[in-house]
2 protein chains.
Amino acid sequence: MGALQVLSAEQEADPDAGPDGLSLALVLGALSDPIRLAIVSELADGSERSCGSFDLGIAKSTRSHHFNVLVEAGILTRRVEGRIRKLKLRRDALEARFPGLLDAVLGGSRR
Amino acid sequence: MGALQVLSAEQEADPDAGPDGLSLALVLGALSDPIRLAIVSELADGSERSCGSFDLGIAKSTRSHHFNVLVEAGILTRRVEGRIRKLKLRRDALEARFPGLLDAVLGGSRR
DNA sequence: GAGATATTACGACGTCCGTCGAACGATCCG
DNA sequence: CGGATCGTTCGACGGACGTCGTAATATCTC
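Structure report, in brief.

The rules behind the values
- Residues numbered from 1 in each chain as written.
- Chains lettered and ligands numbered in written order.
- Predicted model: local features only at pLDDT ≥ 70, side-chain atom pairs only at ≥ 80, totals over all residues.
- Heavy atoms only, no water.
- Phe/Tyr/Trp six-rings, centres within 6.5 Å; stacked < 30°, edge-to-face > 60°.
- Lys NZ or Arg CZ within 6 Å of the ring centre and 35° of its normal.
- Pairing = 2+ DSSP bridges.
- Helix = DSSP H or I, 4+ residues; strand = E, 2+ residues; numbered from the N terminus.
- Near = heavy atom within 4 Å.
- Polar contact = N/O pair within 3.5 Å; in protein donor to acceptor, adjacent residues only side chain to side chain.
- Nonpolar A, V, L, I, M, F, W, Y, C, P; charged D, E, K, R; others polar.

### Some points on the packing of aromatic side chains
Then, number 1: Here the structure, examined in full by the defined rule, presents two aromatic pairs over all chains.
Then, number 2: Across the ring face of A:Phe54, the terminal group of A:Arg49 is positioned such that the distance to the ring centre comes to 4.2 Å.

### As for the pairing of strand β2 (residues 76–81) of chain A
Residues and elements named next belong to chain A.
Then, number 1: In the sheet, β2 pairs with strand β3 (residues 84–89) via six bridges, with the strands oriented antiparallel. Bridge pairing in β3 links Arg78 to Leu87.
Then, number 2: Adjacent in sequence and paired antiparallel, β2 and β3 are bridged by two residues, among which Gly82 carries a positive phi angle near 65°.

### Overview of the pairing of strand β3 (residues 84–89) of chain B
Then, number 1: As defined by bridge partners, strand β1 (residues 49–50) of chain B adjoins β3(B) across two bridges and the pair is classed as antiparallel. Its bridge partner lying in β3(B), B:Ser50 is registered against B:Lys86.

### Considering the protein's contact with DNA strand D
Then, number 1: Residues in close proximity to DNA strand D total 23 residues, the closest being A:Ser61, A:His66, B:Gly52, B:Ser64 and B:Arg78.
Then, number 2: Near the protein, meaning within 4 Å, the atoms of DNA strand D are sugar or phosphate in a fraction of 69%, with bases accounting for the rest.
Then, number 3: One of the side-chain nitrogen or oxygen atoms of A:Ser61 is found 2.9 Å away from a base oxygen of DNA strand D.
Then, number 4: A distance of 3.1 Å separates a base oxygen of DNA strand D from a polar atom in the side chain of B:Lys60.
Then, number 5: Contributions of two or more residues to the surface near DNA strand D are made by α2 (34–42) and α3 (60–72) of chain A together with α3 (60–72) and β3 of chain B.

### A word on the protein's contact with DNA strand C
Then, number 1: Near DNA strand C lie 22 residues; those nearest to it are A:Gly52, A:Ser64, A:Arg78, B:Arg36 and B:His66.
Then, number 2: Of all DNA strand C atoms lying within 4 Å of any protein atom, the proportion belonging to sugar or phosphate reaches 68%.
Then, number 3: In the model, a phosphate oxygen of DNA strand C is placed 3.0 Å from a nitrogen or oxygen of the B:Ala59 main chain.
Then, number 4: At the level of secondary structure, the elements contributing two or more residues to the surface near DNA strand C comprise α3 and β3 of chain A together with α2 (34–42) and α3 of chain B.
Then, number 5: For the surface near DNA strand C, the residue count by class is five nonpolar, 10 polar and seven charged.

What follows is the structure, given as structure tokens:
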């Protein structure tokens, strides 16, 4: 599991990653945390939101950490806009690589 | 493992688990390991196999550990038959709780 | 430039996870 | 019974993970 992060942001050095750097184990691992699941749920409608607009009950730095995990797994994109980072779900890339996965996860999360 | 086992084998004490004890985060966490993904893949056809019939390149005890994780997440059942434990995928329960998830995961794993 | 705002980076700390070897328990077979 | 087979349990170890507070960076505003 352990992988030293040496690569450039969105590109992962994962053994079984596809052409676009998406690895199933990495994606599932990123989604296996309730907080990150909540983040993804809130972005499910395709909206683009700033990091600070998420009201999870955790410290700023912890939030940032979870965003990092999601971006590095290829689940989210982060776009800089002034002093704000806009986060967005990579629904198309995810759907292309793992058809049906995102919908299944999102469907199962709001029960 | 972490939790003290006070419940009856298949019942987990997970905060956001459904009636049948299946929790999305727990299931995704269990599937986020390449070895466990391989185990589930091999059971995808609904067959019932003994623990020893899996040729993963790891120690017996490690194998046993991974089977435990999968059973405790509600993904597999373990049935004792003589000195052999037969493992089987809980496809129906999984499908009922997280429709489409298993197929999406299995589809994405054999690329 | 000074100050405020948004977010990341850096250590640090405790816990959980994957791995192993060795020991144990249960079962089958001679 | 004695040995072989199948699998689990136990204790240990190193590394990864989630969490935090604080410091740093970048941007906007005055």
